[in-house]
Amino acid sequence: MSQTNASRPLWEVFMRSEMCLEHKYCGSVHAADAAMALRVARDIFTRCMEGVSLWVVPSAAIVASNPDDKGELFDPAADKIYRHPTFYKLPDAVDHI
């Protein structure tokens, strides 16, 4: 008796294309284990052969912040202007970053 998709764990899929340096979220797949999740993700998300790397992460392992807590998490960053490149004076020889 085979498992239905609903009874298999959900995996989140991230792919890096040849033109990008970072992995981007593509979607989700149901699979029994990580190896199967990679195979299913490859079959679904790389049909045009644009991917060079895939990540699969169990959905249950992802921890997300609550949008209601944005003030607590993100407001303190506003007073750290040194984190922005506009804080630093560039030498005349450097025309852009």
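Preceding block: the structure.
Residues numbered from 1 in each chain as written. Predicted model: local features only at pLDDT ≥ 70, side-chain atom pairs only at ≥ 80, totals over all residues. Heavy atoms only, no water.

**Things to note about the sheet that holds strand S3 (residues 51–58)**
Condition: Here, any two strands with at least 2 DSSP bridges between them count as paired. Secondary structure is summarised from DSSP: a helix means a run of H or I of at least four residues, a strand means a run of E of at least two, and numbering begins at the N terminus for each. Here an axis means a line fitted to C-alpha atoms, over the contact stretch when the element is a helix, while the angle between two N-to-C directions is reported on a 0 to 180 degree scale.
Spatially, 3 strands are ordered S2-S1-S3 in an open sheet, and the strand pairing comes out antiparallel. Every other strand in the sheet has two partners, leaving strand S2 (24–30) and S3 as the edge strands with one partner each. Neighbouring strand axes in the sheet, compared pairwise and without regard to direction, differ in orientation by 30 degrees on average. Note: strand S1 (residues 10–17) against S3, 7 bridges, orientation antiparallel. Looking at S3, one finds that Ser17 is bridged to Gly51.

**A look at helix H1 (residues 34–45)**
Note the following rule: To estimate the expected span of a helix, count its residues, drop one, and scale the result by 1.5 Å. Partly exposed describes any residue whose relative accessible area lies between the buried limit of under 20% and the exposed limit of over 50%, with all areas from a 1.4 Å probe on protein chains only and scaled to the type maximum. Arc definition: it is the arc formed by the directions from the helix axis to the C-beta atoms. The contact rule is simple, with two residues in contact once any of their heavy atoms fall within 4.5 Å. Side-chain atoms alone can form a polar contact between residues adjacent in sequence; in general such a contact is a pair of N or O atoms within 3.5 Å, and within protein one must be able to donate a hydrogen while the other accepts it.
Along its 12 residues, H1 runs 16 Å from first to last C-alpha, staying within 8% of the 16 Å computed at 1.5 Å per residue. Taken residue by residue, H1 has Ala37, Ala41 and Phe45 as its buried positions. Taken around the axis of H1, the buried residues stretch over an arc of 35 degrees, which confines them to a single face. Those residues of H1 that are buried lie in contact with S1, S2 and S3. The opening residue of H1 is Asp33, an N-cap whose side-chain oxygen sits 3.3 Å from the backbone nitrogen of Ala35.

**Remarks on the pattern of salt bridges**
Counted only if it meets this: One speaks of a salt bridge when a side-chain nitrogen belonging to Lys or Arg is within 4 Å of a carboxyl oxygen belonging to Asp or Glu.
Going through the model one piece at a time under the given rule, you end up with 2 salt bridges. Of the charged contacts, one joins Glu22 and Lys24 as a salt bridge, the two residues approaching to 3.8 Å between their closest N and O atoms. Close ionic contact of Asp43 with Arg42 constitutes a salt bridge, the shortest N to O distance being 3.0 Å.

**Focus on the nonpolar core**
This is how it is decided: The definition of a nonpolar core used throughout is a set of buried Ala, Val, Leu, Ile, Met, Phe, Trp, Tyr and Cys residues joined through side-chain atoms within 4.5 Å.
Membership of the largest hydrophobic core is limited to 8 residues, which are Trp11, Val13, Val29, Ala31, Ala37, Ala41, Phe45 and Val56. Of all the secondary-structure elements, those providing two or more residues to this core are S1 and H1. Per-element tally for this core: the top contributor is H1, with 3 residues. If we skip the residues at most four places from it in the chain, Trp11 touches Gly27, Ser28, Val29, Ala31, Asp33, Ala34, Ala37, Val56, Val57, Pro58 and Ser59.

**Some words on the packing of aromatic side chains**
Test applied: Side-chain rings of Phe, Tyr and Trp, where Trp is taken by its six-membered ring, are said to pair if the distance between their centres is within 6.5 Å; with planes under 30 degrees apart they count as stacked, over 60 as edge-to-face, and otherwise as tilted.
Using the criterion set out here, one finds 1 aromatic pair in the structure. For the ring pair Phe14 and Tyr25, a centre distance of 5.5 Å and an interplane angle of 65 degrees mean the geometry is edge-to-face. Within this pair, whereas Phe14 is found in strand S1, its partner Tyr25 is found in strand S2, the two being separated by 11 residues in sequence. Since its relative accessible area comes to 48%, Tyr25 is described here as partly exposed.

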